[in-house]
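Structural description and commentary
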Amino acid sequence: MRAAFALLLIAPLAACASAPAPNSGFLTRYDQMPARTDTVRASIRERQDAQALAQVRKVAVAPTVYATGATLDWMTEAERKALAREVDAQLCFELSKRYELAPQGAAEAHKVRAAIAGVEPTGRFASAASAAASFFIPGPLGVRAPGTTGALAVEAEMLAPAGEQIAAISWRRTAKPVGTDDPSLSRIGDALQFAEPFADAAARTMTAKDHKSRKIGEPDPCAEFGARLRPEGFLAKFATGLYVPDLSGAKKD
């Protein structure tokens, strides 16, 4: 009963949207990017040129970079590489459902580029306690210590072959003390988990509303990142209550 009462007290915290991310300067333009009002987890500002998006057939996805000025001194080179690769993987997975993927520099392809604009670390020691607490409080929602949840902010845009921006998104999400964001012993655990919802939102922004999904051919154009579904990650979460990057993330290059 005490656990249920505590959940009722802090449940409103899980529904609050993340604070909007400031412009990093990465996008070619930031005007006409209103905030979406139909989201409660992430803060999203986006722009779409519907007429131009309807003409897109092929896209070339540039490797994810880090925005100039992002305060990421606490991250190691390995952490930076792992996070950027996960964003690359998820963008590849989502965009390949919608468009044919083209190699970099293909003259007829639209270009998708993304930059990680901010990362806040996940509290590793509190995550272990959170996983233990969730074991004794069964249910769909987990409980995490406030102040130890991580965050991810990413900006991305689609450019026409001539260079003009036809879609753009500024996305930020912070893990909640109560919710479905899994604790992790990795300092970038939350950021890694948020790569997938970011990529999903970015791909929707970069797709015309009446666009039909494509069937993924063989070989998978995103095979370099490993399997699209990673059951070993689900099994690790079931066994430990933790998100385990080595089992859940993209295959290392």
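In this text the structure is predicted, and so the values were computed from the model without any measurement.

Structural notes on the overall build of the protein chain
Scanning the protein chain for helices and strands turns up seven helices and nine strands. Out of the 253 residues in the protein chain, the part that is buried amounts to 46%. Intrachain contacts of the protein chain at a sequence separation of at least 6 include 78% that bridge at least 24 residues.

Comments concerning helix α3 (residues 77–96)
It helps to recall that an α-helix has 3.6 residues per turn; residues three or four apart then point in one direction. Between its first and last C-alpha atoms α3 spans 28 Å; for 20 residues at 1.5 Å apiece the expected length is 28 Å, and the two agree. A large share of α3 lies buried, amounting to 15 of its 20 residues.

Comments concerning the environment of Q104
Here Q104 is to be found in the loop between β4 (100–101) and β5 (110–120). Q104 sits 44 residues away from A60 along the chain, and the two C-alpha atoms are 5.5 Å apart. Residues contacting Q104, with those up to four places away along its chain left out, are A60, V61, A62 and P63. At 2.5 Å, the side chain of Q104 and the backbone oxygen of V61 are in polar contact.

With respect to the pairing of strand β7 (residues 151–159)
The buried fraction of β7 amounts to nine of the nine residues, a majority that puts the element mostly inside the structure. As defined by bridge partners, β5 adjoins β7 across nine bridges and the pair is classed as antiparallel. Bridge pairing in β7 links G118 to A153. As judged from the nine bridges shared by β7 and strand β8 (residues 165–174), these two strands associate in the antiparallel manner. Each residue of the ladder has a partner; that of E155, found in β8, is S170.

A look at the pairing of strand β1 (residues 42–48)
By the criterion of burial, β1 is predominantly enclosed, with six of the seven residues buried. Note that β1 and β8 share seven bridges and pair antiparallel. What sits directly across from I44, in β8, is W171.

With respect to helix α5 (residues 189–205)
With 17 residues, α5 ought to run about 24 Å at 1.5 Å a step, and its terminal C-alpha atoms sit 25 Å apart, in line with that. Among the 17 residues in α5, 13 count as buried, and that is most of the element.

Some details on the pattern of salt bridges
All told, the structure shown has 16 salt bridges when counted by the stated rule. Here R228 ties to D220 by a salt bridge, and the two come within 2.8 Å at their closest N and O atoms. R228 gets classed as partly exposed once you look at its relative accessible area, which sits at 25%. Here the salt bridges share partners, and the residues they tie into one network are K81, R85, E224 and D253.

Points about the packing of α3 against α5
Viewed as axis vectors pointing N to C, α3 and α5 meet at an angle of 35°, and their least axial separation amounts to 8 Å. When you trace α3 past α5, the crossing you get is right-handed. Contact residues: A82, L83, E86, V87, Q90, L91, E94 and L95 in α3; A191, L192, A195, E196, F198, A199, D200, A202 and A203 in α5. The class makeup of the residues in the contact of α3 with α5 is twelve nonpolar, one polar and four charged.

Some remarks on the nonpolar core
By size, the foremost hydrophobic cluster in this structure holds 40 residues, and its most contacted members are L83, L152, M158, W171 and F198. Residue assignment for this core shows that the elements contributing at least two residues are β1, α3, β5, β7, β8 and α5. In terms of residue count, the dominant contributor to this core is α5 (nine residues). Every residue in contact with F198, bar those within four places of it in the chain, is listed here: V87, L91, V154, A156, I169 and W171.

Here's the deal with the confidence of the model for the protein chain
Here the protein chain averages 84 in pLDDT, and 79% of its residues register 70 or above. Here helix α1 (residues 2–15) stands out as the element of the protein chain with the lowest mean pLDDT, 43, in contrast to strand β2 (residues 58–61), whose mean of 98 is the highest. Here residues 1–15 is modelled with pLDDT under 50, and outside its nearest four sequence neighbours on either side it reaches eleven contacts, counting other chains as well. Contacts of residues 131–141 to residues separated by more than four positions or lying in other chains number 13 contacts, the stretch itself having pLDDT below 50.

Conventions adopted
Residues numbered from 1 in each chain as written. Predicted model: local features only at pLDDT ≥ 70, side-chain atom pairs only at ≥ 80, totals over all residues. Heavy atoms only, no water. Helix = DSSP H or I, 4+ residues; strand = E, 2+ residues; numbered from the N terminus. Buried < 20%, exposed > 50% of the residue type's maximum accessible area, 1.4 Å probe, protein only. Contact = heavy atoms within 4.5 Å. Expected span 1.5 Å × (residues − 1). Polar contact = N/O pair within 3.5 Å; in protein donor to acceptor, adjacent residues only side chain to side chain. Pairing = 2+ DSSP bridges. Salt bridge = Lys/Arg side-chain N within 4 Å of Asp/Glu carboxyl O. Axes fitted to C-alpha atoms, helices over the stretch in contact; angles between N-to-C directions. Left-handed = near helix turned anticlockwise from the far one by under 90°. Nonpolar A, V, L, I, M, F, W, Y, C, P; charged D, E, K, R; others polar. Core = buried A, V, L, I, M, F, W, Y, C linked by side-chain atoms within 4.5 Å. pLDDT = per-residue confidence, 0-100.

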